[in-house]
Structure formats: structure tokens, C-alpha cells
Amino acid sequence: MYSLLPLICLCSAWTKASGASDPNLPFMEYLDSKNGVCLKWGFDNPQGNITFKLEVNTTGWVGLGFNSNKGMTGSDIVMGGVGPSQSYFQDYYATGNRRPLEDNQQSYTLLSLEEAAGQTIMTFQRPIQLCNDEDFYITAEPLTVLYAYGTTDDLSYHGTLRGAKTVNLLNHVTRATITNSNYLSATMDNIIVPQKRTYYHCKIMKFQNLDPNTPYHIHQIEPVIKNPDLVHHMLLYRCPPFVMEPYDNPCYMGDVGDACFGVVAAWAVGGGVFELPEDVGIPVGGADSNTLYRLEIHYNNPNTIAGRTDSSGLRLHYTLQRRKYDAGILTTGMLPHGTLSYNIPPKAPQFHAYGVCNTSLFSQFMNPVPDLQVFAVMLHTHLAGRKIRAGHYRNGKQIDFLALNENYNFELQEIVSLGNVKTIKQGDEIVVECTYSTTDRTKVTRMGLSTTDEMCLAFLLYYPAMNVTTCVSHPNTSMSMDQDTIAGQESLLKYLPQIQYASDDDYNMVAQKGMVRDLMQTPNVNCHNTNSARRLGTSWIMNSTGIILLLLWIAGI
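Every value quoted in this text rests on a predicted model; they were computed, and no experiment measured them.

What counts, and where the lines are drawn
Residues numbered from 1 in each chain as written. Predicted model: local features only at pLDDT ≥ 70, side-chain atom pairs only at ≥ 80, totals over all residues. Heavy atoms only, no water. Pairing = 2+ DSSP bridges. Helix = DSSP H or I, 4+ residues; strand = E, 2+ residues; numbered from the N terminus. Axes fitted to C-alpha atoms, helices over the stretch in contact; angles between N-to-C directions. Core = buried A, V, L, I, M, F, W, Y, C linked by side-chain atoms within 4.5 Å. Buried < 20%, exposed > 50% of the residue type's maximum accessible area, 1.4 Å probe, protein only. Contact = heavy atoms within 4.5 Å. Disulfide = S-S within 2.5 Å. Polar contact = N/O pair within 3.5 Å; in protein donor to acceptor, adjacent residues only side chain to side chain. Phe/Tyr/Trp six-rings, centres within 6.5 Å; stacked < 30°, edge-to-face > 60°.

Enquirer: Would you take a moment to explain the sheet that holds strand β17 (residues 247-250) for this structure?
Expert: Two strands in a sheet stick together by hydrogen bonds in their backbones, pointing the same way (parallel) or opposite ways (antiparallel). In spatial order, the strands read β17-β14-β21-β16-β18; together these five strands make up an open sheet with antiparallel pairing. Two strands close off the open sheet at either side, each with one partner strand: β17 and β18 (262-268). Averaged over all neighbouring strand pairs, the angle between strand axes comes to 15 degrees, with direction disregarded. As defined by bridge partners, strand β14 (residues 198-206) adjoins β17 across four bridges and the pair is classed as antiparallel. Along β17, the bridge assignment pairs K203 with D248.

Enquirer: How should I be thinking about the nonpolar core in this particular structure?
Expert: As a rule of thumb, nonpolar side chains are buried together in soluble globular proteins. Counting 61 residues, the largest nonpolar core has F207, I221, L236, Y299, L314 and L316 as its most contacted members. If you look at the next biggest cluster of nonpolar residues, it comprises 41 residues, including C357, M366, Y462 and L493.

Enquirer: Is there a simple way to explain helix α1 (residues 486-495) in this structure?
Expert: Residues of α1 that are buried: Q489, L492, L493 and K494. In this structure, the buried side of α1 is in contact with β26 (343-344), β27 (351-358), β35 (468-475) and β36 (498-504).

Enquirer: What's the story with the state of the cysteines in this structure? I'm lost.
Expert: Note on terminology: a disulfide is the covalent bond linking the sulfur atoms of two cysteines. Enumeration over the complete set of coordinates arrives at four disulfides. Disulfide pairing places C357 opposite C471 at an S-S distance of 2.1 Å. As the torsion about the S-S bond is roughly 100 degrees, the C357-C471 disulfide counts as right-handed. With a gap of 114 residues between them, C357 in strand β27 and C471 in strand β35 connect regions that are remote in the sequence.

Enquirer: Explain the environment of E454 to me, please; I cannot follow it from the model alone.
Expert: Checked against the element boundaries, E454 lands in the loop between β33 (445-446) and β34 (456-463). Taking the C-alpha atoms as reference points, E454 and H380, 74 residues apart in sequence, are found 9.5 Å from one another. A distance of 2.7 Å separates a polar side-chain atom of E454 from the backbone nitrogen of H382. Within the structure, E454 has its side chain in polar contact with the backbone nitrogen of L383 (distance 3.2 Å).

Enquirer: Hey, could you run me through the sheet that holds β27 in this one?
Expert: As summarised here, the arrangement of the four strands in space is β27-β32-β29-β30, forming an open sheet in which the pairing is antiparallel. Here the strands that pair on one side only, and so sit at the sheet edges, are β27 and β30 (397-405). In this sheet, adjacent strand axes meet at a mean angle of 20 degrees when their direction is disregarded. Where β27 and strand β32 (residues 429-436) come together, eight bridges link them in antiparallel fashion.

Enquirer: Looking at this structure, I do not really get the side chain of H380. What am I missing?
Expert: Locating H380 in the fold gives a position in strand β28 (residues 372-380). Only 3.3 Å separates the side chain of H380 from the side chain of H382, close enough to count as a polar contact.

Enquirer: Sorry if this is basic, but what is going on with the packing of aromatic side chains here?
Expert: All chains considered together, the criterion is met by 14 aromatic pairs. Among the aromatic residues, those joined into a cluster by ring pairs are F52, F66, F89, Y108 and F124.

Shown next, in the form of C-alpha cells:
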């Protein structure tokens, strides 16, 4: 069978405070250069509510706003504070560089407001999707977050106590910086890229000078790209124990290193430095100091230029201070199969493909199986891909979408951080659905390695790590012939029995039959008209339990 190809585009990064320790508010940004204005946030799904915690080094009023630019005009603003006798909180909108006006539709809910250690801490919530003209509609695109504050509770002009920062709230993509010089290097050695449109090169290697008595935790991954026009993606896999000799060859030629497929790190086009959450690290070294790794680079050479050389690769920045959790990456979806065909017909405006994973298979590798805390997801198809959805099922019923991308872009593959950590329990099922368009093609599209072939994958980043690396499926196409119509072929491939298989770090594999469960419709945009904020001067002192409203958007819950 083919080796696994998780294309983890490490485009997104987590700030140090955005770790797994606060699953309800996993994202954080300092909005000012002096780290005096801190915004934390989290959300359950893009159609539900989003919760903010604004922490400012002041005992006066604080304000936060959203806009498409750094100007005041059109800003959606919330302001509040702890007064001498009572708290205050209000929703406003700005018409210019003047005091904002009270919003006719109060759309924010205050959860708590307190002063502590010279800070004002305001926690509040709003629906992500608001259709009021005086409120800003939050999407998965970057927006401008504005802030201002005062030194007293008099809502007067803020002067220089203000600022703005561009942030993507629903797909947090903060570029990390290199924090230290301690790193392991995995790079090619001046290899010659052949005159082919698609070429995969593999280097089996061992990290030198690892102390067998010292465990290392990788916390940051830095790409080293020598030829940006050639390098499409890079992956570093951990090898099973029976891979014992280094080599440097083209990939997938039947070498023993094809069995290395436990993903450790990777990069794809458009990516940058990737930093893991503060409580999570990728383990290397220690008792595994003699483990070999496979560096795989996909070279995309559409002009078939000859004679190019390359030494690209990855730097793995590490710490000797072991973190709380080991990170893992679980590959789900559908992969090419060595003996079974999968043909997508040409001229199809929409063609749906499916891969399934029943996590009950994991108990054949380990017992007990831990709950998997998924903090990010990366979705992958090739050039024909247009949409990807990953459904989450428990007891035979869909309870959630782990991920949705209705506008997939092959040239912008990035890890999408989830608003809240999602828990996958033993026995849960995952269905990955990919939608392709082949209207510009005259021949069938197959599942395969080339960019003109296809894949259908969802990579789940989670903790704590387990030894299961893969849980994928493929329809048993040996049971039937291809159909003559697009609809007939799509139906055949969906309802044929699925061959599910899971594998572990040592290349052990188990398999069972499965089926594709129907996915619910993608939730539509619903306008939320609320009137939840109280008038200025109304007390908002909350009880000790607080209030968090999580809107359930799954039908039937």
C-alpha cells in the first residue's frame, strides 16, 4: 500500500498563553506593544457564540471594538468597567472620531466584570453571526480589533490609550518567532530535482548526538525553504524499529522506509513557523534516540525544468523541560489503495467522496484508550477539491462537525485551530467528506500521489499522544464495476462496503468493514437579534458560577 501523506501545513501558530490549560478560551493576543492589553477568546462553532475576556492594566473603563479597518467609523464597540458603587457595561457603535453612540440592539452579554491587582477584567459574549447594521459580522477572515481605556470610570476621551491589531478570531493565525537556538536539523543534501512535474524525494536519517538519557520536547517547527517555486510540502515521519539503515532516494520505490508514516512535523506552501500550545510538545530522543526518521519533500515542477538542486528541510526547536502533554496527529479520511481503484468521473460539477474511521479499532492496539482532546484540524485534497467536512458521531448519531471548509484552496492549506477543544471518545466515529469539481477534465481522476490525482484527508492534532497514527478507509471497489453516470458512480462509491483500517507506530495494522453515515447539512447563517446588555449604571455583579451560553447547533440535540 502507499505510505501515508499527511500534508500538515504549519501556517498557524499559538501564542504562549494559548495552550491547552484553558480549553474554553484557548486563544490569546496582546493588543499593545507593552503587553498591557490582553484579549483571550474561544468559541464552540462558527455558528454559535464567541466568548471574550479583556484584561487591561487599568482600574478605569475599558473598551473593545471590531472593524474592517483601523478607523473608528463603523466600529462595533463594547465598553464597561467597575464603578465606585456598581459595574457598567454597554454595546455601542461609532459614526466617526467622536464618542460612540449607544447601539439600539444590545447584542453583548456580560459574564463577569472585576478589578484585581490593578487590572480591569471584563468577560462577555456575543453571537458570532449578527445581522444588525450596528454590529460587526465576524467571519473567518482577518478583522481589526480596536481597544481603548481610561484611568478613571469617566467615559471621556482616551487620548493615547488606544490601539488596533489585525486578528483572525475564527482561524487564529499568529506568526511565531524563533525563541532559541537549540534545534535539530532535518534537511536534504543538495539533491538534484529531476525534470518531472511531480517528484517526491525521501531521506531516511537519524538525529545525531541525542542523549539517550534525556527526553526532548519539540515546541516549534521552522521551515528552511531554498526554492520556494519548487517545494510544495515537506513531511517528517517517525520510522518503525525495523527501519535501521539511512538512505537518500526517490520515494515510493518499494524501499523499507516507505513504512515510515507516523507524522512528527511538516510544512506546506504558504506556511511559516509553527508553535505548539504551551502545555504540548512533540517527543523525540530519550529511549527513542536510535529511532530513524524519513524526511519527504514533494517538488512541484510544472515547467519540468532540469538541473535544479535543493537543500530544503525543517528545523525542530526543542526544550529539555518536558511539557505536560505529548502531541499526536491522527490521519483520517481516505487514502489511495494499492489494489483498489477509485475513479472520479470527468465533467462533474460536484462529486462527493468519503472516508470513515471507527475509533473502536484503537482498543486492538492499546487498553485503555484515552479520550483524545483535538485542538486543531488540517484538511487536505488536491487540485479538484472544493469543500471538505469532517463529521463526528457518537452512538451512531452525528453530534458535531470537527471541521468545515466550504471554500477549500489547494494553495492555502493551513491548520485551523478549534474554538474549543473537542473530545473524541473510544467508539466515536469520524466521516470525512470531500467535494470535487472535475468540469475542466476530460479523463477520470484517480486517488494517488500526483497533484492531478486526488486525496480526501483530515488530520487531527490532539493530546495526549497515543501509538495509533492512522484510521482511514477505502470502498471495496473490487465488488462492482464503475457506473456510466456521475450520480451513479458517486452513489456506488458511497454505499459500497468500506474497508476500514488503523495502524500504529510499529506499522501493525487492523481492519474491519464499515459504512458511510449520512452527514447533516452544513448549518445556515442565522441572524441573532438579542437585547442582552444592560443600561449604563445597571449592576452586573455576577455570582461565582458565572454564565456561559453555548448554543447547540446540531439538529435534534
